[in-house]
Amino acid sequence: MALLHRLLHKGTRAKRSWAGRALGVGNVGGRGGCPAHAPNVALSQPRAGSLAGSCLSDPGLWDRLHAQALPGRPPNFDWFFGYEEVRGLLLPLLQKGAPRGPAVAPLRVLDVGCGTSDLCPGLYTKCPLPLNVLGVDFSAVAVQRMKRLLEGHGDRPGLRPGHPDSRLHFLQADARDLGPACPSGSFQLVLDKGTWDAVARGGQAGAEQLLSECLRVLAPQGTLVQFSDEDPDVRLPCLERGAGSRLVKIQELGPFKGLTYFAYLVQAAQ
């Protein structure tokens, strides 16, 4: 799995100059607009047949990847990082969005392109707030694995919620077209950990469609969080163009294992 992570990172990490610009809100590098094609950057030449040379927007690729799980290995594979690294960012967002009162419905959380990450299980098992978490992925193999992890299989027990009212579900769906399973304005928190990065490998139009769908299902006062290693000079123009009246904020994360990442937060203007 360590080799797999290096191949994924090699195939998606662009060597872009950010020039240490201050993080904040607004049109950082936004005048040029969102690039119509992937930027012209120097990447290491991948070996024939390696994951770095594959189209990461192909569901068949991910089916084959998730089918390679070996006995005795951890059940989760995380691109970039796992739940614990971003727990301190997510819990305040959830607390801020939690309704007040003695009997309230659980907060709805959506993770698009969840794969077999521990982001959904971490929220479900460790968050003290009541949550209704939905993980969606277009890989049938990944969804089946996560359902087995949730329910328990063999000598591995099922997952237990951190709050008695919390729920966790997994659904096979394309995050670019979630359909009626995800009604408009129904999620207080939408998470995208590397999914934009993968979809963009298949073309910028797909990434823009992904953003549009995430914003469609986001509640008016909710937050969309994209986790990525892509520099703000490249990502911000795309988000600001698609976010409409919402604000885009950035928070630097890490370094984790020597690498720096960014959380791009899209929220309603205050």
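Up top is the structure.
Residues numbered from 1 in each chain as written. Predicted model: local features only at pLDDT ≥ 70, side-chain atom pairs only at ≥ 80, totals over all residues. Heavy atoms only, no water.

Caption draft 1: Quick peek at the nonpolar core. In this structure, Leu90, Leu94, Leu123, Leu131, Leu191, Val225 and Phe227 are the most contacted members of the largest nonpolar core, which totals 38 residues. The leading source of residues in this core is helix H3 (residues 83–97), at seven residues. Residues within four places of Leu94 in sequence aside, it is in contact with Leu107, Val109, Leu123, Cys127, Leu129, Leu131 and Leu189. Grouped together as the second largest cluster of nonpolar side chains are 29 residues, Leu210, Leu215, Ala243 and Tyr264 included. (Core = buried A, V, L, I, M, F, W, Y, C linked by side-chain atoms within 4.5 Å. Buried < 20%, exposed > 50% of the residue type's maximum accessible area, 1.4 Å probe, protein only. Helix = DSSP H or I, 4+ residues; strand = E, 2+ residues; numbered from the N terminus. Contact = heavy atoms within 4.5 Å.)

Caption draft 2: Fine view of unusual backbone geometry. Residue Pro255 is reached from Gly254 by a cis peptide bond, and omega for that bond is 10 degrees. The topology assignment puts Pro255 in strand S6 (residues 247–256). For Lys257, which is not a glycine, the phi torsion comes out positive at approximately 55 degrees. With respect to the helices and strands, the residue Lys257 is situated in the loop between S6 and strand S7 (259–267). Accessibility expressed as a relative area gives 86% for Lys257, which makes it exposed.

Caption draft 3: Structural context of the packing of aromatic side chains. Across all of its chains, the model carries seven aromatic pairs by this definition. Ring plane angle 45 degrees and centroid distance 5.2 Å describe the contact between Phe80 and Tyr261, whose orientation is recorded as tilted. In this pair, Phe80 sits in the loop between helix H2 (59–66) and H3 while Tyr261 sits in strand S7, placing the two residues 181 residues apart along the sequence. By the burial criterion, Phe80 is buried, and Tyr261 matches it. Both rings, one in Phe256 and one in Tyr261, keep their centres 6.2 Å apart while their planes meet at 25 degrees; by these two values the pair is stacked. Take Phe256: its relative accessible area is 19%, and that puts it in the buried class. An aromatic cluster is present here, built from Phe80, Phe81, Phe227, Phe256 and Tyr261 joined pairwise through their rings. Lying over the aromatic face of Phe187, Arg108 brings its terminal NZ or CZ to 4.3 Å of the ring centre. Note that Lys193 overlies the ring of Phe81, its terminal NZ or CZ placed 5.7 Å from the centroid. (Phe/Tyr/Trp six-rings, centres within 6.5 Å; stacked < 30°, edge-to-face > 60°. Lys NZ or Arg CZ within 6 Å of the ring centre and 35° of its normal.)

Caption draft 4: Layout of the packing of helix H7 (residues 204–217) against helix H8 (residues 232–243). Contact geometry of H7 with H8 gives a least axis separation of 10 Å together with a crossing angle of 50 degrees. The angle between the axes of H7 and H8 places the two elements in the oblique class. Considering only the axes of H7 and H8, their crossing is right-handed. Where H7 abuts H8, its residues Gln204, Glu208, Leu211 and Leu215 lie against Cys238, Leu239, Arg241, Gly242 and Ala243. Here the residues of the contact of H7 with H8 sort into five nonpolar, two polar and two charged. (Axes fitted to C-alpha atoms, helices over the stretch in contact; angles between N-to-C directions. Parallel < 35°, antiparallel > 145°, perpendicular 65-115°, else oblique. Left-handed = near helix turned anticlockwise from the far one by under 90°. Nonpolar A, V, L, I, M, F, W, Y, C, P; charged D, E, K, R; others polar.)

Caption draft 5: Just the pairing of strand S1 (residues 107–112), in detail. Of all the six residues making up S1, five are buried; the element is thus mostly covered by neighbouring parts of the structure. Inspection of the sheet shows S1 paired to strand S2 (residues 131–137) by six bridges, in the parallel sense. Counted as the bridge partner of Leu110 is Leu134 from S2. A crossover links S1 with its parallel partner S2, the connecting element being helix H4 (residues 119–126), and its sense is right-handed. Where S1 and strand S4 (residues 187–193) come together, four bridges link them in parallel fashion. By the bridge assignment, Val112 is partnered in S4 with Asp192. (Pairing = 2+ DSSP bridges. Right-handed = clockwise from strand over helix to strand, strands pointing away.)

Caption draft 6: Representation of H8 in the model. Counted residue by residue, H8 has nine buried out of 12 residues, so it is predominantly covered. Residues of H8 that are buried sit in contact with helix H6 (195–200), H7, strand S5 (218–228), S6 and S7. Downstream of H8 by one or two residues, Gly244 has phi in the positive range, about 65 degrees.

Caption draft 7: Representation of the sheet that holds S6 within the structure. One open sheet holds the seven strands; their spatial order is S3-S2-S1-S4-S5-S7-S6, and the pairing between them is mixed. Both edges of this open sheet fall to strand S3 (167–172) and S6, since each of them pairs with a single strand only. This sheet shows a mean twist of 20 degrees between the axes of neighbouring strands, independent of strand direction. Pairing of S6 with S7, which is carried by eight bridges, proceeds in the antiparallel orientation. Bridge pairing in S7 links Val248 to Val266.

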